2 protein chains.
Amino acid sequence: MSARDAMVASAAALFRERGVAATSLRDVVEHAKAPRGSIYHHFPGGKAELASAATAMAGDFIGQLLADLLEGGDPAHAIATFVDYWKQSLIRQDFADGCPVAAAAVSPEETDDARATAGRSFARWQGQIADALVGRGVRAGLAADQAGLAVAAVEGALIVARAQHSTEPLERVARQLVRLLST
Amino acid sequence: MSARDAMVASAAALFRERGVAATSLRDVVEHAKAPRGSIYHHFPGGKAELASAATAMAGDFIGQLLADLLEGGDPAHAIATFVDYWKQSLIRQDFADGCPVAAAAVSPEETDDARATAGRSFARWQGQIADALVGRGVRAGLAADQAGLAVAAVEGALIVARAQHSTEPLERVARQLVRLLST
């Protein structure tokens, strides 16, 4: 991994755990074990630029995961596996971190580029799910609504699950979404 | 409003906008226009105690709102009105703030009491919606799943809406939830 990539990955990891506002450039440099001055070499725009790059990386990663799952052709099954991915992630980290894109979505004015990047990531995931539903014969408007519900419900369930230290919120959402997207 | 209540309300307002980790006691004192030392008089436990109180207050407020809406007897209509409440809130604040309980849910170890309080608030809201559904003849297990989906979807849609600077994510979720809870 290049020094730049390591900083981006460290930023995303810290955003997941403590949010964007509470993550300093110093935290990222320490986490990435990078030399102190190097962060401004790679990110002359400072935290705003780094936050944007980390959000884009995370959004692409999740988009690629969704694309792979949806390639199987069954949107309901894809969403069930997607929720299970998050469930395993929560368990592995003992409920200490969530979705880095959601963290960017609620970040303050200082990182408004990252916030906009998060908005585009959500739109891309929604579009991918909607396309798969349309491919199964669902009309476009309904497919967009169902895909919007799926993205929102998974993001919301991650937040409820962290607060409750339980995977149950994700399981409830998975059962409901599978039911909805199968019909 | 008492000095203590003013600090709790200021904390909740700041959590909505910038999150818990990025809100300092100094920020709260300034926002509440309170004397500097008074915060430790009212909250000897410092930020952890204040965050917990603010989350409980917000959770109760939203729970009471939901109770009032559900009293009408139609869970689908109640959820539609609930989503509309959030839509108006986002528009009024130009998408700058979200749900204070969700902010507490993703807050770090330092405020783990507030996180647990958020978890109980989500559970209470879910229970209220589930009870209303059971009152309409839905079996308990399904009602709990549908209520869990509703809470998660509204919380998630608030995050997506902030990132996209648009009320559309909430509208999509409202249409789908109304459809689901009406049948």
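Only a predicted model underlies this, so the values are computations on that prediction, with no experimental measurement involved.

A. Broad picture of the overall build of chain A. In terms of helices and strands, chain A carries 9 helices and 0 strands. Moving toward the C terminus, one meets the helices and strands of chain A in the order α-α-α-α-α-α-α-α-α. The buried share of chain A, taken over its 183 residues, is 52%. Taking all contacts inside chain A whose residues are at least 6 apart in sequence as the whole, residues at least 24 apart take part in 67%.

B. Geometry of the packing of helix 8 (residues 140-164) of chain A against helix 9 (residues 168-182) of chain A. Residue and element names in this part refer to chain A. Closest axis-to-axis distance for the helix 8/helix 9 pair is 8 Å, and the angle between their directions is 165 degrees. With respect to their mutual orientation, helix 8 and helix 9 come out roughly antiparallel. Note that helix 8 runs across helix 9; the crossing there is right-handed. Residues Gln146, Ala150, Ala153, Val154, Ala157, Val160, Ala161 and Gln164 of helix 8 form the contact with helix 9, whose own contacting residues are Pro169, Leu170, Val173, Leu177, Leu180 and Leu181. Classifying every residue of the contact of helix 8 with helix 9 gives 12 nonpolar, 2 polar and no charged.

C. Summary view of the packing of helix 8 of chain A against helix 7 (residues 112-135) of chain B. The geometry of helix 8 of chain A relative to helix 7 of chain B is characterised by a closest axis approach of 7 Å and an angle of 120 degrees between their N-to-C directions. Considered as vectors, helix 8 of chain A and helix 7 of chain B are oriented oblique to each other. In this structure, helix 8 of chain A crosses over helix 7 of chain B, and the sense of that crossing is left-handed. Note on element contacts: helix 7 of chain B touches helix 8 of chain A through Arg115(B), Ala118(B), Gly119(B), Phe122(B) and Ala123(B), opposite Val160(A), Ala163(A) and Gln164(A). When grouped by side-chain class, the residues that make up the contact of helix 8 of chain A with helix 7 of chain B number 5 nonpolar, 2 polar and 1 charged.

D. Molecular detail of helix 5 (residues 75-92) of chain B. All names here are of chain B. Taking 1.5 Å of rise per residue, the 18 residues of helix 5 would be expected to cover 26 Å, and the 26 Å separating its terminal C-alpha atoms lies within 8% of that figure. For helix 5, the elements touching its buried residues are helix 4 (46-70), helix 7, helix 8 (140-164) and helix 9 (168-182). Looking at the residues trailing helix 5, positive phi occurs at Asp94, about 50 degrees.

E. Representation of the relation of the copies chain B and chain A within the structure. Take chain B, turn it by 180 degrees, move it 0.0 Å along the axis, and it overlays chain A with an RMSD of 0.0 Å. Here the two chains are linked by the operation of a two-fold rotation axis. Most of the interface of chain B is mirrored in chain A: 100% of its interface residues are interface residues there too.

F. The arrangement of helix 9 of chain A in detail. An ideal rise of 1.5 Å per residue puts 21 Å on 15 residues; helix 9 of chain A measures up with 21 Å between its terminal C-alpha atoms. Buried within helix 9 of chain A are the following residues: Pro169(A), Leu170(A), Arg172(A), Val173(A), Ala174(A), Gln176(A), Leu177(A) and Leu181(A). Along its buried surface, helix 9 of chain A packs onto helix 5 (75-92), helix 7 (112-135) and helix 8 of chain A together with helix 8 of chain B.

G. Region of interest: the nonpolar core. One finds Ala153(A) and Ala153(B) to be the most contacted residues of the largest nonpolar core, which totals 128 residues. The residues touching Ala153(B), leaving out its near neighbours within four places in the chain, are Leu149(A), Ala152(A), Ala153(A), Gly156(A), Val173(B) and Leu177(B).

H. Main features of the interface of chain B and chain A. At the interface, 36 residues of chain B touch 36 residues of chain A. Within the residue set of the side of chain B that touches chain A, elements represented by two or more residues are helix 6 (100-105), helix 7, helix 8 and helix 9 of chain B. Considered class by class, the residues forming the side of chain B that touches chain A number 21 nonpolar, 8 polar and 7 charged.

I. Fine view of the confidence of the model for chain A. Confidence in the prediction for chain A averages 96 pLDDT; 99% of positions are at 70 or higher. Among the scores for the predicted complex, ipTM is 0.97 and pTM is 0.97.

J. Structural context of unusual backbone geometry. Residue and element names in this part refer to chain A. At Asp94, a residue that is not glycine, the phi angle is positive and equals roughly 50 degrees. You can see Asp94 is positioned in the loop between helix 5 and helix 6 (100-105). The class for Asp94 is exposed, based on 8 C-beta atoms found within 10 Å. Here the phi dihedral of Phe95 falls at roughly 65 degrees; this positive angle occurs in a residue that is not glycine. Note that Phe95 resides in the loop between helix 5 and helix 6.

The rules behind the values
Residues numbered from 1 in each chain as written. Chains lettered and ligands numbered in written order. Predicted model: local features only at pLDDT ≥ 70, side-chain atom pairs only at ≥ 80, totals over all residues. Helix = DSSP H or I, 4+ residues; strand = E, 2+ residues; numbered from the N terminus. Buried ≥ 20, exposed ≤ 12 C-beta atoms within 10 Å, placed from the backbone. Contact = placed C-beta atoms within 7 Å. Axes fitted to C-alpha atoms, helices over the stretch in contact; angles between N-to-C directions. Parallel < 35°, antiparallel > 145°, perpendicular 65-115°, else oblique. Left-handed = near helix turned anticlockwise from the far one by under 90°. Nonpolar A, V, L, I, M, F, W, Y, C, P; charged D, E, K, R; others polar. Expected span 1.5 Å × (residues − 1). Least-squares fit on C-alpha atoms with pLDDT ≥ 70 in both. Core = buried A, V, L, I, M, F, W, Y, C linked by C-beta atoms within 7 Å. pLDDT = per-residue confidence, 0-100.

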